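The chain contents come next:
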Amino acid sequence: MNIISADRDGDDIIFKRQRNAFMKLESSDLTKNMLDTSKVLYIEGDDGISLLGEDAFKFATIFEKEARRPMSHGIISPEEKEAIPIMQLIIERVLGNVKYQNEPLYISVPADPIDKNQNVLYHRKTMEALTKKLKFNTHTIDEGLAVIYSELGDYNFTGLGISIGAGMTNVTLAYMASPLMSFSIIRGGDWIDEQVSKSTGLPKEHVTASKEKQSHLSNTVTVGSPDGALNIYYDALISYVIEHVKKKLTSITPPNVAFPVAIAGGSTLPEGFFELFKKKMDAAKLGIDTSKIIRAKDPLNSVARGCLIAAKTFEDKTPKKNVAQSQSHKNGKKSK
């Protein structure tokens, strides 16, 4: 749903975000003048104008149209011929220019899904190529591991990292930053929005906008209401994720240590989500000690922050001669 970068500015972390969406409009001089005046991000082609990013989502909501997405189910959409050039523009917007030769960039990528026959290799290699075009020294990191980097530093980067995004849910179990298992599930916030839209008849964009702005998960919502449908499908998604975590754990033999759980991702933002997730995790018998459950300090930006930590760690291990051309050699970047 979003492409997010994280970069250092002294002791501060600066996040940049663009909605990963576009919407088609007919081209005219008046339309282009209006978009230019409003500083809206767009590109013009033979078949009209494509609005990009947050503006595409806003216009789609206003005109009750569906914003198109360059990605589907967590990877580049094979059904959108313009997916790659549009993502290139959005990535350029959130990353900017390299600060010095071979500046490290860590990008999060999904692990292979366990509930669908889908390979993520093409997506991984394409995203690497798009960022290397910008002259970054690009590396990849599983999205679940990025959550562990971001949230579990106080636990020696040991634990279960879960990122519930729009197209996918990513899960990694790690011991001292080394993955013991990583997988993804083809369900996330998009799945919830689609099911609520089908159940209530509301446009998907309206469901998404409402969920992001004012949704609250509880047991006291009105039966048959949009909030009631959101509760039902959030409950179903959490149960589905935990079920697959439990199933996957039976295939490995992790060390007998505590594995704190860190939960992150834009789809975890609704009020009441963490309480529902914790209740279900506490009731699950996973075979490992997951008694400590942590909500990410900044759920939407957690993966970007984890990739920034990975980039900084890589940079600190780089011989000084490789970064001598930079006066700001303490920077690292990430794109999700």
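See the structure shown above.
Residues numbered from 1 in each chain as written. Predicted model: local features only at pLDDT ≥ 70, side-chain atom pairs only at ≥ 80, totals over all residues. Heavy atoms only, no water.

S.K.: Any chance you could break down unusual backbone geometry for me, citing the residues and the numbers?
M.R.: Despite not being glycine, histidine 73 has its phi angle at roughly 55 degrees, a positive value. Within the secondary structure, histidine 73 sits in the loop between β6 (71–72) and β7 (75–76). Taking relative accessible area as the criterion, histidine 73 reaches 31% and is therefore assigned partly exposed. Backbone geometry places lysine 135, a non-glycine residue, at a positive phi of 75 degrees. (Helix = DSSP H or I, 4+ residues; strand = E, 2+ residues; numbered from the N terminus. Buried < 20%, exposed > 50% of the residue type's maximum accessible area, 1.4 Å probe, protein only.)

S.K.: Residue-level account of the sheet that holds strand β13 (residues 261–264), with values.
M.R.: If you walk across this open sheet you meet the five strands as β12-β11-β10-β13-β14, and the pairing is mixed. Strand pairing shows two members of the sheet lacking a second neighbour, β12 (178–185) and β14 (293–295), which therefore form its edges. On average, each strand axis in the sheet is tilted by 15 degrees relative to the strand beside it, whichever way the strands run. With three bridges joining them, β13 and β14 adopt parallel strand pairing. Paired with isoleucine 263 across the strands is arginine 295, a residue of β14. Contacts from helix α5 (residues 143–151) reach β10 (159–164), β11 (169–175), β12 and β13 within the one sheet, and its direction differs from that of β10 by about 115 degrees. Sheet strands touched by helix α8 (residues 226–249): β10, β11 and β12. Its angle to β12, the strand with the most contacts, is close to 140 degrees. (Pairing = 2+ DSSP bridges. Axes fitted to C-alpha atoms, helices over the stretch in contact; angles between N-to-C directions. Contact = heavy atoms within 4.5 Å.)

S.K.: Would you mind going over the nonpolar core in detail, with residue names and values included?
M.R.: One recurring pattern in soluble globular proteins is that nonpolar side chains are buried together. The biggest cluster of nonpolar side chains holds 35 residues, and the ones touching the most others in it are Leu160, Ile162, Ile192, Val245, Phe273 and Phe277. At the level of elements, β10, β11, β12, α6 (189–200), α8, β13 and α9 (273–283) are the ones that each hand at least two residues to this core. In terms of residues, this core owes the most to one element, α8, which gives eleven residues. Excluding its chain neighbours within four sequence positions, the residues that come into contact with phenylalanine 273 are Ile164, Leu217, Tyr234, Ile238, Ile263, Ser267 and Thr268. Formed by 18 residues, the second largest nonpolar core is a distinct cluster that contains Phe22, Ala83, Leu130 and Leu134. (Core = buried A, V, L, I, M, F, W, Y, C linked by side-chain atoms within 4.5 Å.)

S.K.: I'd like a rundown of the side chain of serine 5, residues and numbers included.
M.R.: When you line up the elements, serine 5 lands in strand β1 (residues 2–9). Among the polar contacts listed, one links the side chain of serine 5 to the backbone oxygen of valine 94, at a separation of 2.7 Å. (Polar contact = N/O pair within 3.5 Å; in protein donor to acceptor, adjacent residues only side chain to side chain.)

S.K.: I'd like a rundown of the packing of aromatic side chains, residues and numbers included.
M.R.: Applying the stated criterion across every chain, the model contains five aromatic pairs. Geometrically, the ring pair formed by tyrosine 234 and phenylalanine 273 is edge-to-face, given 5.8 Å between the ring centres and 70 degrees between the ring planes. Of this pair, tyrosine 234 sits in helix α8 while phenylalanine 273 sits in helix α9; the two residues are 39 residues apart in sequence, bridging distant segments of the chain. With relative accessibility at 1%, the residue phenylalanine 273 sits in the buried group. Clustering of aromatic rings is evident, with ring pairs tying together Tyr234, Phe273 and Phe277. Between arginine 19 and the ring centre of phenylalanine 57, over which it is positioned, the NZ or CZ distance is 4.0 Å. One cation-aromatic arrangement involves arginine 187 over tyrosine 240; the distance from NZ or CZ to the ring centre is 3.8 Å. (Phe/Tyr/Trp six-rings, centres within 6.5 Å; stacked < 30°, edge-to-face > 60°. Lys NZ or Arg CZ within 6 Å of the ring centre and 35° of its normal.)

S.K.: Quick one: what's the story with the environment of serine 291, residue by residue and with numbers?
M.R.: By the secondary structure assignment, serine 291 is in the loop between α9 and β14. Taking the C-alpha atoms as reference points, serine 291 and proline 203, separated by 88 residues in sequence, lie 39 Å from one another. Separated by 2.9 Å, the side chains of serine 291 and aspartate 289 make a polar contact.

S.K.: Residues and numbers for the sheet that holds strand β3 (residues 22–25), please.
M.R.: Each strand in a sheet pairs with another by means of backbone hydrogen bonds, the pair being arranged parallel or else antiparallel. Read across the open sheet, the three strands follow the order β3-β5-β4; overall the sheet is antiparallel. Only two strands of the sheet have a single partner each, and these edge strands are β3 and β4 (42–45). For this sheet the average axis-to-axis angle between neighbouring strands, irrespective of direction, equals 25 degrees. Its contacts with the sheet put helix α2 (residues 54–62) on β3 and β5 (48–52), and the angle it makes with β5 is roughly 105 degrees.

S.K.: Give a detailed account of the packing of α6 against α8, specifying residues and quantitative values.
M.R.: Taken N-terminus to C-terminus, the directions of α6 and α8 make an angle of 140 degrees; their axes are 9 Å apart at the nearest point. One finds that α6 runs oblique with respect to α8. Between α6 and α8 the crossing geometry is right-handed. Within the contact between the two elements, α6 uses Trp191, Ile192, Gln195, Val196, Ser199 and Thr200 and α8 uses Pro226, Ala229, Leu230, Tyr233, Tyr234, Ala236 and Leu237. Across the contact of α6 with α8, the residue classes tally to ten nonpolar, three polar and no charged. (Parallel < 35°, antiparallel > 145°, perpendicular 65-115°, else oblique. Left-handed = near helix turned anticlockwise from the far one by under 90°. Nonpolar A, V, L, I, M, F, W, Y, C, P; charged D, E, K, R; others polar.)

S.K.: I'd like to hear about the pattern of salt bridges, residue by residue, with values.
M.R.: Opposite charge on two side chains makes pairing possible when the charged atoms of those side chains draw close. Here the structure, examined in full by the defined rule, presents 16 salt bridges. Across the pair glutamate 151 and lysine 297 runs a salt bridge, and its minimum N-O distance is 3.3 Å. Taken together, the positions of glutamate 151 in helix α5 and lysine 297 in the loop between β14 and α10 (302–316) put the pair 146 residues apart, joining distant regions of the chain. On the accessibility criterion, glutamate 151 (9% relative accessible area) is buried. Connected through shared salt-bridge partners, Arg17, Arg19 and Glu54 make up one network. (Salt bridge = Lys/Arg side-chain N within 4 Å of Asp/Glu carboxyl O.)

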